[in-house]
Amino acid sequence: MDRFEIRGGNRLAGRLTIKGSKNAALPMMAAGLLTDQPFVLRDIPDLADINNMVRLLGELGCQVSRQSADDIESPGGVFTLRAVDESISHARYDIVRTMRASICVLGPMLARRGYARVSLPGGCSIGERPVDIHLRGLSALGADITLDQGDIIARVPKVHGKPGRLKGTRVFLGGPFGSTVLGTANVMSAATLAEGTTVIECAACEPEIVDLANLLNAMGAKITGQGSPRITIEGVKELGAVDHRIIADRIEAGTYMCAAAITAGDITLDNCPVDALMAHMDRLHHMGVTMQWDAKADPMRASCRITATRGLKPIEVTTQPHPGFPTDLQAQLMAVLCLAEGNSVITERIFTERFLHVAELSRMGAQLYRQGSTVIVSGVRKLTPAPVMASDLRASASLILAGLAAEGPGPTVINRVYHLDRGYEKMELRLQSLGAEVQRISERDEATLAPGVA
Ligand code: EPU
């Protein structure tokens, strides 16, 4: 297992191009199952989760290729797919357990093939993560859903012995924590091929859903209202070929904004989706971070300069569905607030247990007091290097940010960075290009360095 060693204290400066969005890419790759025509996506990042999705789609009868971009400054590579054998519709536990987003294949496969068997994803380190709302939505469209040996089995009932279609209807996708992003993706994708009109109420408004709807429309779907809580989908009989460039990754961009903030740095992000980051940028602004971009540029692909000085101000922040502050940036902002001058309050309202980074940040000298889904962050003058353990994707990013600012003898050692590789492409190289001292130590390197090993 790889680990990172970071010697903190450098002020980061320079320029980076934001990669294509992981969370947009995953449901969009699955949408390739909705057609047997050529399907091309551009700006696909080179990440472990993307590779898992490529493998899964290969197992589901698709010819898939992924060409990665060699240049670390490119926003990503090209993914192509063609569904050639639509009879293999089983997403096995072996793959689903490595990546929960595998659930995205359920809606497309069901709508196009009339049958899908998808292993029920288990919990993960950020919480329980049920899929009941996905299933409720698909059954409202007429699917028969059962559970067999841990697999979801979804079928479109036959009509007089012939393959049937899902039926458009009004579906409510709200749950105890608001809407569901991948649930909206599943139901919206399935409804494109349903008979009649589907109206999704309490739909997720995330930019990744807007991009998915735009992709589906480019394939011939008739979707309106994406980006609002009511999405209307007029079903069509079939969808066709597409070539689509995906949006930039707002969470990667938000993380590098935090890197500028925590190191009192000066970083310019190209291909930066400022329009999708308003809540995060509002919080950074209140902390005293300066962000500048050209108001005339495409607000989803702007060049944004982030500059910060020491002595950031404390703030309150609550995670919410978009356009509120994203849960996927909570851990990273917490790392920055550890060094603010005063007490901050962070409340997590999407995944109420998503706090595994709290104990690890405390090992680096952070003063954190958790009560239920709220953490009080009492700012300290400095963080100190320590060995810490990454527990999930965004928690790993938070520890790296803390490591960049930690000062003292010895490096910060972050173990289990495979979590990071699920969502941040070549982060160590990108941070090095900004002047950080970060090394990836892989087990292979260690075997070579070990005494007596050739
Ligand atoms: N929920 C239910 N029932 C459901 C579905 C969700 O109760 O059927 C609850 C969840 O437990 C959670 C809330 O609803 O409390 C929101 O979950 P949501 O379904 O929106 O999460 P998701 O679609 O599974 C995506 C992202 C996550 C991101 C969340 C919230 C992808 C691949 N994943 O997950 O990203 O945190 O939306 O914005 O798009 C990450 O990138 O690190 C990550 C975890």
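Residues numbered from 1 in each chain as written. Predicted model: local features only at pLDDT ≥ 70, side-chain atom pairs only at ≥ 80, totals over all residues. Heavy atoms only, no water.

Enquirer: Whenever I open this one, helix α5 (residues 132-140) confuses me. Can you help?
Expert: Because each turn of an α-helix spans 3.6 residues, side chains separated by three or four positions end up pointing in the same direction. The complete set of buried residues in α5 reads I133, H134, L135, G137 and L138. Looking at the buried residues of α5, the elements they touch are α4 (106-113), β8 (144-148), β9 (151-155), β10 (170-172) and α6 (181-191). Just beyond α5, the residue with positive phi is G142, at close to 105 degrees. (Buried < 20%, exposed > 50% of the residue type's maximum accessible area, 1.4 Å probe, protein only. Helix = DSSP H or I, 4+ residues; strand = E, 2+ residues; numbered from the N terminus. Contact = heavy atoms within 4.5 Å.)

Enquirer: Help me understand the sheet that holds strand β2 (residues 13-17), please; the structure alone is not making it clear to me.
Expert: Sheets are built from strands that pair by backbone hydrogen bonding, the pairs being arranged parallel or antiparallel. Spatially, β2-β15-β17-β16 is the arrangement adopted by the 4 strands of the open sheet, whose pairing is mixed. Two strands lie at the open edges of the sheet, namely β2 and β16 (290-293), each paired on one side alone. Taking the axes of each pair of neighbouring strands and ignoring which way they run, one obtains an average angle of 20 degrees across the sheet. Examined bridge by bridge, β2 and strand β15 (residues 266-272) share 5 bridges and lie parallel to one another. When the sheet's bridge partners are listed, R15 is paired in β15 with T268. (Pairing = 2+ DSSP bridges. Axes fitted to C-alpha atoms, helices over the stretch in contact; angles between N-to-C directions.)

Enquirer: When you look at α6 in this model, what are you seeing that I'm missing?
Expert: The buried fraction of α6 amounts to 9 of the 11 residues, a majority that puts the element mostly inside the structure. Listing the buried residues of α6 in full gives G183, T184, A185, N186, V187, M188, S189, A190 and A191. The opening residue of α6, the one whose side-chain oxygen lies 2.9 Å from the backbone nitrogen of G183, is T180. (Polar contact = N/O pair within 3.5 Å; in protein donor to acceptor, adjacent residues only side chain to side chain.)

Enquirer: Looking at this model, I keep getting lost on the domain arrangement of the chain. Mind explaining?
Expert: Size of an interface: often given as the accessible area lost when the parts come together. Here the chain is partitioned into domain 1 (3-18 + 249-448) and domain 2 (22-235). The C-alpha centroid of domain 2 is placed 30 Å from the C-alpha centroid of domain 1. With 32 residues of domain 1 at the interface, the matching set in domain 2 holds 19 residues. The largest per-residue losses of area from domain 1 upon contact with domain 2 belong to H322, R422 and E425, which jointly make up 26% of the total buried on that side. On inspection of domain 1 and its partner domain 2, the count reaches 3 salt bridges. Its salt-bridge partner being R250, residue E208 comes within 2.8 Å of it at the nearest N-O pair. The tally of links from domain 1 across to domain 2 stands at 6 residue pairs in polar contact (both at pLDDT 80 or more). Where the side of domain 1 that touches domain 2 is concerned, the elements lending two or more residues are β2, α12 (393-405) and α14 (427-433). Of all the elements, β2 adds the most residues to the side of domain 1 that touches domain 2, at 3 residues. (Domains from an automatic or database assignment. Buried area = accessible area lost by both parts, 1.4 Å probe. Salt bridge = Lys/Arg side-chain N within 4 Å of Asp/Glu carboxyl O.)

Enquirer: Help me out: how do you make sense of the site of the ligand in this one?
Expert: Of all residues adjacent to the ligand, which total 22 residues, the nearest are I133, T180, D328, I350 and R394. With respect to the ligand, the backbone of P130 contributes an N or O atom lying 3.3 Å from an oxygen atom. Between L182 and the ligand, the recorded distance is 2.8 Å, taken from a backbone N or O atom to an oxygen atom. Contact with the protein chains hides 91% of the accessible area of the ligand, taken as 820 Å² for the molecule alone. (Near = heavy atom within 4 Å. Areas by Shrake-Rupley, 256 points an atom, 1.4 Å probe, with all protein chains shown as cover.)

Enquirer: Just to check I follow, could you spell out the packing of α4 against α6 for this structure?
Expert: A pair of packed helices can be characterised by two numbers: the angle between their axes and the separation between those axes. The geometry of α4 relative to α6 is characterised by a closest axis approach of 7 Å and an angle of 15 degrees between their N-to-C directions. As judged from the angle between their axes, α4 and α6 are roughly parallel. The element α4 and its partner α6 pack so that their crossing is right-handed. Contact with α4, carried on its side by L106, G107, P108 and A111, involves N186, S189 and A190 of α6 and no other residues of that element. The residue makeup of the contact of α4 with α6, split by class, is 4 nonpolar, 3 polar and no charged. (Parallel < 35°, antiparallel > 145°, perpendicular 65-115°, else oblique. Left-handed = near helix turned anticlockwise from the far one by under 90°. Nonpolar A, V, L, I, M, F, W, Y, C, P; charged D, E, K, R; others polar.)

Enquirer: Sorry if this is basic, but what is going on with the side chain of H134 here?
Expert: By the element assignment, H134 lies in helix α5. Taking relative accessible area as the criterion, H134 reaches 5% and is therefore assigned buried. A polar contact is formed between the side chain of H134 and the backbone nitrogen of G183, at a distance of 3.4 Å. Within the local environment of H134, its side chain forms a polar contact with the side chain of N186, the two groups lying 3.1 Å apart. When neighbours within four sequence positions are excluded, H134 is seen to be in contact with I103, T180, L182, G183, N186 and V187.

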